[in-house]
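An overview of the molecular structure
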Amino acid sequence: MAGLNVDDVKVSLQKFGLYDYVVFVLMLLSCVMIGIYFGFMKKKAKKGEAEADYLVGNRQMKIIPVSLSLIASFISGITLLGTPTEIYLYGVQYMYIVGGVITMGFIMMYFYLPVFHNLKLTSTYQYLQTRFDKRMRLFGSILFTLATMAWLPIVIYVPALAFNQVTGINVHLITPIVCVICIFYTCVGGLKAVVWTDVIQTVLMFGAMLLIIVKGTYDVGGLSVVMERATASGRIEGPDLRFDITTRHNIYSCVIGGVVYWLKSNAVSQNMIQRYLSLPSLAAAKKALWTFIFGTLVLLFLCCYSGLLIYAKYYDCDPLTTKLAKAKDQLLPLLVMDTLGDFPGLPGLFVAGVFSAALSSLSTGLNSMSAVVLEDFFKPFSNRPLTEKQTSIIMRAVVAVFGAICVVLVLVVEKLGSVLQLSMSLGSVSNGPLLGIFTLGVLIPWANGTGAIVGGAVGLAVMIWICLKAQLAIASGEMAFELKPVDTQGCSYHFIASEPMSMLAINTTAPSIDSTPIEPEFAIYHISYLWYTMIGALVTIIVAVIVSFIVGANNPDDMNPNLFSPFIQRILTRRRIAARTDLQLMTGGIKEFSQ
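The structure displayed is predicted, hence computed values, not measured ones. (Residues numbered from 1 in each chain as written. Predicted model: local features only at pLDDT ≥ 70, side-chain atom pairs only at ≥ 80, totals over all residues. Heavy atoms only, no water.)

**Regarding empty space enclosed by the protein**
Applied cut-off: Grid points spaced at 1 Å over the protein atoms alone were grouped into cavities, where a 1.4 Å probe fits but cannot get out, and pockets, open sets with protein on both sides within 12 Å along at least five of seven lines, with lining residues defined by an atom within 4 Å of a point. Grid points are joined across faces, edges and corners, and a volume is the space filled by probe spheres set on the points. Counting from the N terminus, the helices are the DSSP runs of H or I reaching at least four residues and the strands are the DSSP runs of E reaching at least two.
Summed over all chains, the structure comprises four cavities of 30 Å³ or more. Taken as a whole, the second largest cavity holds about 80 Å³ of empty space. Looking at the lining of the second largest cavity, the elements with two or more residues in it are helix H8 (134–167), helix H9 (171–220) and helix H16 (346–378). Sorting elements by how many residues they give to the lining of the second largest cavity places H16 first, with four residues.

**Some details on the packing of aromatic side chains**
Our working rule: Note on aromatic pairs: the rings of Phe, Tyr and Trp (six-membered ring only in Trp) are paired at centre separations within 6.5 Å, and the planes decide the class, stacked below 30 degrees, edge-to-face beyond 60, tilted for the rest. Remark: exposure states derive from per-residue accessible area (1.4 Å probe, protein chains only) relative to the maximum for the residue type, with buried under 20%, exposed over 50%, and partly exposed in between.
Enumeration over the complete set of coordinates arrives at nine aromatic pairs. Here the aromatic rings of Phe116 and Tyr127 are separated by 5.5 Å at their centres, their planes lie at 90 degrees, and the arrangement is edge-to-face. With a gap of 11 residues between them, Phe116 in helix H6 (residues 98–118) and Tyr127 in helix H7 (residues 125–131) connect regions that are remote in the sequence. Here the two residues Phe116 and Tyr127 agree in accessibility, since each one is buried. Seen from their ring centres, Tyr125 and Phe144 are 5.7 Å apart, and the 45 degrees between their planes marks the pair as tilted.

**Notes on helix H15 (residues 331–340)**
The element H15 is extensively covered by neighbouring structure, given that nine of its 10 residues are classed as buried. Taken as a whole, H15 has its buried residues at Leu331, Leu332, Pro333, Leu334, Leu335, Val336, Met337, Thr339 and Leu340.

**What about unusual backbone geometry?**
Phi at Lys120 takes a positive value of approximately 55 degrees, unusual for a residue other than glycine. Here Lys120 lies in the loop between H6 and H7. The phi torsion at Lys323 lies on the positive side, around 70 degrees, for a residue other than glycine. Tracing the backbone through its elements, the reader meets Lys323 in the loop between helix H14 (319–322) and H15.

**What about the state of the cysteines?**
Put simply, the rule is: By disulfide we mean two sulfur atoms from cysteines, separated by a distance within 2.5 Å.
As enumerated under the stated definition, the model contains one disulfide in all. Residue pairing for Cys317: its cysteine sulfur links by disulfide to Cys491, the two sulfurs lying 1.9 Å apart. Across the S-S bond of Cys317 and Cys491 the torsion is about 105 degrees, and the bridge reads as right-handed. Remark: Cys491 occurs in the loop between helix H19 (449–476) and helix H20 (501–504) and Cys317 occurs in the loop between helix H13 (282–313) and H14; sequence separation between them is 174 residues.

**What to know about helix H10 (residues 223–232)**
Selection rule: Directions pointing from the helix axis toward each C-beta atom define the arc. Throughout, a contact is declared for two residues whenever any of their heavy atoms are within 4.5 Å.
Every buried residue belonging to H10 is among Val225, Val226 and Ala230, and all of these are buried. Along the axis of H10, the buried positions cluster into a sector of 125 degrees, meaning they face one direction only. Across from the buried face of H10, at angles greater than 90 degrees, the exposed residues are Glu228 and Ala232. In this structure, the buried side of H10 is in contact with H9 and H13. Of the residues one or two after H10, Gly234 is the one with positive phi, at around 85 degrees.

**Quick look at the environment of Tyr21**
Mapped onto the fold, Tyr21 is located in helix H2 (residues 18–41). Under the relative-accessibility criterion, Tyr21 is labelled partly exposed at 29%. Linking Tyr21 and Gly345, residues 324 residues apart in sequence, is a C-alpha distance of 7.7 Å. Other than its neighbours up to four places away in sequence, Tyr21 contacts Phe16, Phe163, Thr167 and Ile169.

**Topic: the pattern of salt bridges**
Note the threshold: A carboxyl oxygen of Asp or Glu within 4 Å of a side-chain nitrogen of Lys or Arg is what we treat as a salt bridge.
All chains considered together, the criterion is met by seven salt bridges. Its salt-bridge partner being Arg135, residue Asp133 comes within 2.7 Å of it at the nearest N-O pair. Residue classification places Arg135 among the partly exposed positions, given a relative accessible area of 40%. Asp240 is the salt-bridge partner of Arg242, the closest N and O atoms lying 2.7 Å from each other.

**Comments concerning the nonpolar core**
Heads up, the condition is: We call a set of buried Ala, Val, Leu, Ile, Met, Phe, Trp, Tyr and Cys residues a nonpolar core when their side-chain atoms join them within 4.5 Å.
Residues Phe24, Tyr276, Phe292 and Phe350 are the most contacted members of the largest nonpolar core, which totals 184 residues. Beyond its immediate chain neighbours, meaning those up to four positions away, Tyr276 contacts Leu70, Met108, Leu113, His117, Asn266, Ala285, Ala288, Leu289 and Phe292.

**Let's talk about the side chain of Thr439**
You can see Thr439 is positioned in helix H18 (residues 419–443). Taking relative accessible area as the criterion, Thr439 reaches 11% and is therefore assigned buried. For Thr439, the residues in contact, after removing those within four places along its chain, are Tyr112, Ile444 and Ile541.

**Observations concerning the packing of H9 against H16**
The condition is simple: Between N-to-C directions, angles cover 0 to 180 degrees, with each direction set by a line fitted to C-alpha atoms, over the stretch in contact for helices. Roughly parallel here means an angle under 35 degrees, roughly antiparallel means over 145, roughly perpendicular means 65 to 115, and every remaining angle is called oblique. Crossing handedness is read from the near helix: turned anticlockwise from the far helix by less than a right angle, it gives a left-handed crossing, and turned clockwise, a right-handed one.
Here H9 crosses H16 at 135 degrees, and the two axes come no closer than 5 Å. Put simply, H9 runs oblique to H16. Regarding H9 and H16, the two cross each other, and that crossing is left-handed.

**Here's the deal with a nonpolar patch on the surface**
Stated precisely, the cut-off is as follows: Each patch groups residues whose relative accessible area exceeds 30% and which form no salt bridge, using 9 Å between like charges and 5 Å between nonpolar side chains of Val, Leu, Ile, Met, Phe, Trp and Tyr. Only the protein chains shown count as cover for residues, and all accessible areas are computed by the Shrake-Rupley method using a 1.4 Å probe.
A cluster of nonpolar side chains, contributed by Leu18, Val22, Val25, Leu26 and Leu29, occupies part of the molecular surface with about 460 Å² of accessible area. By secondary structure assignment, the location of Val22 is in helix H2.

**Topic: the confidence of the model for the protein**
Detailed reading of predicted coordinates is not advised where the pLDDT is low. Test applied: For every residue, the predictor reports its confidence as pLDDT, a number between 0 and 100.
For the protein, per-residue confidence averages 81 on the pLDDT scale, and 87% of positions sit at 70 or higher. Highest mean pLDDT in the protein belongs to helix H21 (residues 532–551) (94); lowest belongs to H20 (41). This stretch, residues 500–519, has a pLDDT under 50; its non-local contacts, to residues over four places away or in other chains, come to 50 contacts.

**Some points on the environment of Asp316**
With respect to the helices and strands, the residue Asp316 is situated in the loop between H13 and H14. Relative accessible area serves as the criterion here: at 23%, Asp316 is assigned to the partly exposed category. Taking the C-alpha atoms as reference points, Asp316 and Thr488, separated by 172 residues in sequence, lie 5.1 Å from one another. For Asp316, the residues in contact, after removing those within four places along its chain, are Asp487, Thr488, Gln489, Gly490 and Cys491.

In structure tokens, the structure reads:
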């Protein structure tokens, strides 16, 4: 490539040919056919069961398809492209979050999942009305809607970036096409179509990542070369044991903060709980949970390794500095074209895998929005029961309308920077208060509706302030995070860096590593973004408990035990038995005294 400039190299790597388009189109067509099958060809649900069939598959889904759907729904394109970028720029410290993922599984299995599954809910926000009051149901539903509409455009934008890197086609040309297909099969096929398209998409995700890793590792000279280069650059390192909440990633933020973040995303999120509720029993839901965790951990490790592989490939010619990759989250697509570009169909498989991750998350979000809008916005405020036809129209209209809004919001996301931290930070604005509210519900019988809504409002206000201040501090350079070193000494093509190398290799969350910023005074918004959800939840819980006792806390003995976690149920049962025993002894004593 001697004598070439960076634009020539960029064009030479865009080898997305006929076979690649065929593979990509076949993936989209398979999704359309699954939607047509469940929407028009599958035996229709019995009268009165159409809603349950559309939203929770009549609660008769199988464990393996649901587990794969959970993986596909949770591992979006944000994870597939954002995690390798994170590892390339900052090293493997983020991957210690796996400790948080495993711990989350145990907490969810014992504290949260039994409550929702045994109540046979459709929307998790129905629980808030039963446990607290109608205000809380509406509050939770609104927060979920806002959080989902902030998240889904990021999910759509990420694969469009990958497609742009490998084909040169404009992001805003491919986005509407793919979204229309997703809206179609989600709209007509309901949860069953979403789950079975997710199965195909999960297989494609794993296949695409394995293909890149095997061929990429072979090209750079083997696993030992990848590990040597990564270790020499400081990207492979042990857990950071310093307890400093302002450190972006350390063992405490990844494990403790990670537990809370993943707990909200999996244990009380409508997107995920709706899958667990589609299974016939709690035992089946628990099996699906651990299958999901295992599959997610495998995919996270694949993403982590691919980040190390990107560095091994470009260790002496950083593509961000040279502008070979225009955006940070185009690093993995660049590796794909560099590695697989000469093999017709394989780049198409990768793009299909990334789009599969996005489609699964988008379809999950839209299907969940359909359930929440129907159950929490229409039914409670309808003067008379909705007919089956009205219900069907509402469910499908929600998917179409919110899908179209997401496509428009992609224009906003394009201006906001790197996707992994962005999605986790924005989500924490509502995630923390929501987790706090649900935790109050399942664990603290004394908390009442007034306390919960005041706590949720205060938690939301605090998190909006923290996230806004943090984003402003990042933009101004007040908050800086140390990057791993990159180099351009080995580049075989000409380039002009418009900014210093360390600035370009940065995740828009930090100024140059070479500039030595003045150490700012500590402020709460300087904390790691992984603590955001925990702070929001704790503020919500503490304020709610205080307010509940001020206005008059609930009497736990008057509460329905089924609304609480199993171990709280056992405590309440023992209290009631003890109270009855005391009453009997007292009654017996009075009778004996009177005699």
